[in-house]
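Residue-level listing of the chains:
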Amino acid sequence: MSEEGSGWTRLDKLDQGIVERLGRDARISNRAIAAELGVTEGTIRTRIRRLQNEGLIQFTVVTDFRMAGSPNLCMLGIDADPSHISDLARRLSDIPEITCVVVLLGRYSLLAMGLFTNIEQLHDLITEHVRPLPGVQRVEASISVHNLKYEAGIAKITRGIAVD
């Protein structure tokens, strides 16, 4: 179902409706989705299976980070040699303590985020695992002290899907 050469996958109106409803409530039953969209439960089940098999949707449990022993959300702004950014992003993504890696335009080349229960843990990560990576020029850590809003479901990705 890929549009040739574009890397985008086409979703028809039914697929869009399924994804939208699952995005609001991943626990919604296939029967409820079918009733809302006016199709059979079997159709919904088949479509969801296809979307999963094509890697377009996945289901996971997202917990509130406060359940992990009151950790602090820490952000690492990383300046990097432009020729190393792709490899560096991949290597940062392989570090278990880092839960988010973003390539940026602006003040930093990369932003890496993770949850840390103490400053020593963050310091060790930076000095032993991040700074030694090829291409890292500078690392600036920022530690959240108060989270006014943190939505665990923010990982919802909609880009990369073309709409009919």
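Residues numbered from 1 in each chain as written. Predicted model: local features only at pLDDT ≥ 70, side-chain atom pairs only at ≥ 80, totals over all residues. Heavy atoms only, no water.

1. Re the pairing of strand E2 (residues 72-80)
And then number 1: Where burial is concerned, most of E2 is hidden: seven out of the nine residues are buried.
And then number 2: Sheet analysis places E2 next to strand E4 (residues 110-116), joined by seven bridges and oriented antiparallel. Residue pairing for E4: Met75 is matched across the bridge by Met113.
And then number 3: Bridging between E2 and strand E5 (residues 136-143) involves seven bridges; their strand directions are antiparallel. Paired with Met75 across the strands is Ser142, a residue of E5. (Buried < 20%, exposed > 50% of the residue type's maximum accessible area, 1.4 Å probe, protein only. Helix = DSSP H or I, 4+ residues; strand = E, 2+ residues; numbered from the N terminus. Pairing = 2+ DSSP bridges.)

2. A look at the sheet that holds E4
Strand-to-strand pairing in sheets goes through backbone hydrogen bonds, with the strands running parallel or antiparallel.
And then number 1: Ordered by their spatial adjacency, four strands build an open sheet running E3-E4-E2-E5, and the pairing between neighbours is antiparallel. The open sheet is flanked by strand E3 (98-103) and E5, the only strands paired with a single partner. Strand after strand, the sheet turns through a mean of 20° between neighbouring axes, direction not considered.
And then number 2: Contacting E2, E3, E4 and E5, helix H4 (residues 85-93) runs over the sheet at an angle of about 165° to E3.
And then number 3: Those strands touched by helix H5 (residues 119-130) are E2, E3, E4 and E5, and its axis lies near 170° from that of E5. (Axes fitted to C-alpha atoms, helices over the stretch in contact; angles between N-to-C directions. Contact = heavy atoms within 4.5 Å.)

3. With respect to the confidence of the model for the protein
For any part of a model where pLDDT is low, the fine detail of the predicted coordinates should not be relied upon.
And then number 1: Residues at a pLDDT of 70 or more form 79% of the protein, whose mean pLDDT is 82.
And then number 2: Mean pLDDT per element in the protein: strand E6 (residues 161-163) is the minimum at 42, and H4 is the maximum at 96.
And then number 3: Per-residue pLDDT stays below 50 along residues 1-8; that stretch engages in 14 contacts with residues further than four places along the chain or on separate chains.
And then number 4: Predicted confidence for residues 154-164 stays below pLDDT 50, and this span has 19 contacts to residues more than four positions away or in other chains. (pLDDT = per-residue confidence, 0-100.)

4. Digging into the pattern of salt bridges
And then number 1: Evaluated as defined, the whole model comprises 15 salt bridges.
And then number 2: Between Arg91 and Asp87 there is a salt bridge; the shortest N-O distance is 3.9 Å. Of this pair, Arg91 and Asp87 both sit in helix H4, four residues apart, roughly one helical turn.
And then number 3: Overall, the relative accessible area of 36% leaves Arg91 in the partly exposed class.
And then number 4: Between Glu140 and Arg107 there is a salt bridge, and its shortest N-O distance comes to 3.4 Å. (Salt bridge = Lys/Arg side-chain N within 4 Å of Asp/Glu carboxyl O.)

5. Looking at the packing of helix H1 (residues 13-24) against helix H3 (residues 41-53)
And then number 1: The contact between H1 and H3 brings their axes to 11 Å, and the two run at 80°. Judged by the angle between their axes, H1 and H3 are roughly perpendicular. Each of Leu14, Asp15, Ile18, Val19 and Leu22 in H1 lies in contact with H3, whose residues at this interface are Thr43, Ile44, Arg47, Ile48, Arg50 and Leu51.
And then number 2: Residues that form the contact of H1 with H3 fall into these classes: seven nonpolar, one polar and three charged. (Parallel < 35°, antiparallel > 145°, perpendicular 65-115°, else oblique. Nonpolar A, V, L, I, M, F, W, Y, C, P; charged D, E, K, R; others polar.)

6. Re the nonpolar core
And then number 1: With 20 residues, the main nonpolar core has Leu76, Ile78, Leu88, Leu92 and Val130 as its most contacted residues.
And then number 2: Elements with a contribution of two residues or more to this core: E2, H4, E4, H5 and E5.
And then number 3: Apart from residues no more than four positions distant in its own chain, Ile78 is found in contact with Leu88, Leu92, Tyr108, Ser109, Leu110, Ala112, Val130, Val136, Arg138 and Val139.
And then number 4: Within the second largest apolar cluster, 11 residues are counted, among which are Leu11, Leu22, Ile33 and Ile57. (Core = buried A, V, L, I, M, F, W, Y, C linked by side-chain atoms within 4.5 Å.)

7. Thoughts on the packing of H1 against helix H2 (residues 30-37)
And then number 1: Remark: H1 packs on H2, axes separated minimally by 11 Å, with the N-to-C direction vectors making an angle of 130°. One finds that H1 runs oblique with respect to H2. Every pair of crossing elements has a handedness; the one defined by H1 and H2 is right-handed. Residue-level contacts link Leu14, Gly17, Ile18, Arg21, Leu22 and Arg24 of H1 to Ile33, Glu36 and Leu37 of H2.
And then number 2: Residue composition of the contact of H1 with H2, by class: five nonpolar, one polar and three charged. (Left-handed = near helix turned anticlockwise from the far one by under 90°.)

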